Amino acid sequence: MPDPDHETRTSDDLVGVLFRRLHLMRDMSEAAFRAAVEGALVALGRAAHDEAEARARRLDDRTGSRPTDVTVTAWGQRRPETESFDVDR
């Protein structure tokens, strides 16, 4: 059921709702309660990861690459070093 007050609640209100709901779920079996807590932690972690990636993209867009940046190449894409007498044909 959708929450009609969802748009008017502050972030602090939503944190309170989360803790209240977790507290009410304490009456469930230990396995069900543990699954609910782990699900909440996974959701929080996923949201934090998504936000970190978005911030990194914004920072990368703003700064771009510089000639002094270190680049990393995957092992499978590396080519063996050429010898000084090798000539491209």
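Up top you'll find the structure we're talking about.
Described below are features of the structure shown in this document. (Residues numbered from 1 in each chain as written. Predicted model: local features only at pLDDT ≥ 70, side-chain atom pairs only at ≥ 80, totals over all residues. Heavy atoms only, no water.)

The subject of this paragraph is the overall build of the chain. Each helix and strand in the chain was counted, giving 2 helices and 0 strands. For the chain, the accessible area works out to roughly 8800 Å², and carbon and sulfur atoms hold 55% of it. (Helix = DSSP H or I, 4+ residues; strand = E, 2+ residues; numbered from the N terminus. Areas by Shrake-Rupley, 256 points an atom, 1.4 Å probe, with all protein chains shown as cover.)

Counted according to the given criterion, the structure contains 4 salt bridges. Measuring nitrogen to oxygen at the nearest pair gives 3.3 Å for the salt bridge that ties E30 to R26. Given the relative accessible area of 53%, E30 is considered exposed. Taken together, the salt bridges that share partners define one network made up of E51, R55 and R58. (Salt bridge = Lys/Arg side-chain N within 4 Å of Asp/Glu carboxyl O. Buried < 20%, exposed > 50% of the residue type's maximum accessible area, 1.4 Å probe, protein only.)

We now examine helix α2 (residues 30-63). In a regular helix each residue adds 1.5 Å, so 34 residues correspond to 50 Å; α2 covers 49 Å between its end C-alpha atoms and thus fits that length. For α2, the full list of buried residues reads F33, A36, A40 and A54. Those residues of α2 that are buried lie in contact with α1 (11-24). Looking one or two places after α2, you find G64, whose phi comes out positive at around 70 degrees. (Expected span 1.5 Å × (residues − 1). Contact = heavy atoms within 4.5 Å.)

Turning our eyes to something else, we now look at a nonpolar patch on the surface. A cluster of nonpolar side chains, namely L18, L41 and L44, defines an oily patch on the protein surface of about 280 Å² accessible area. Along the chain, L41 turns up in helix α2. Since its relative accessible area comes to 55%, L41 is described here as exposed. (Patch = residues over 30% accessible without salt bridge, like charges linked within 9 Å, V, L, I, M, F, W, Y side chains within 5 Å.)

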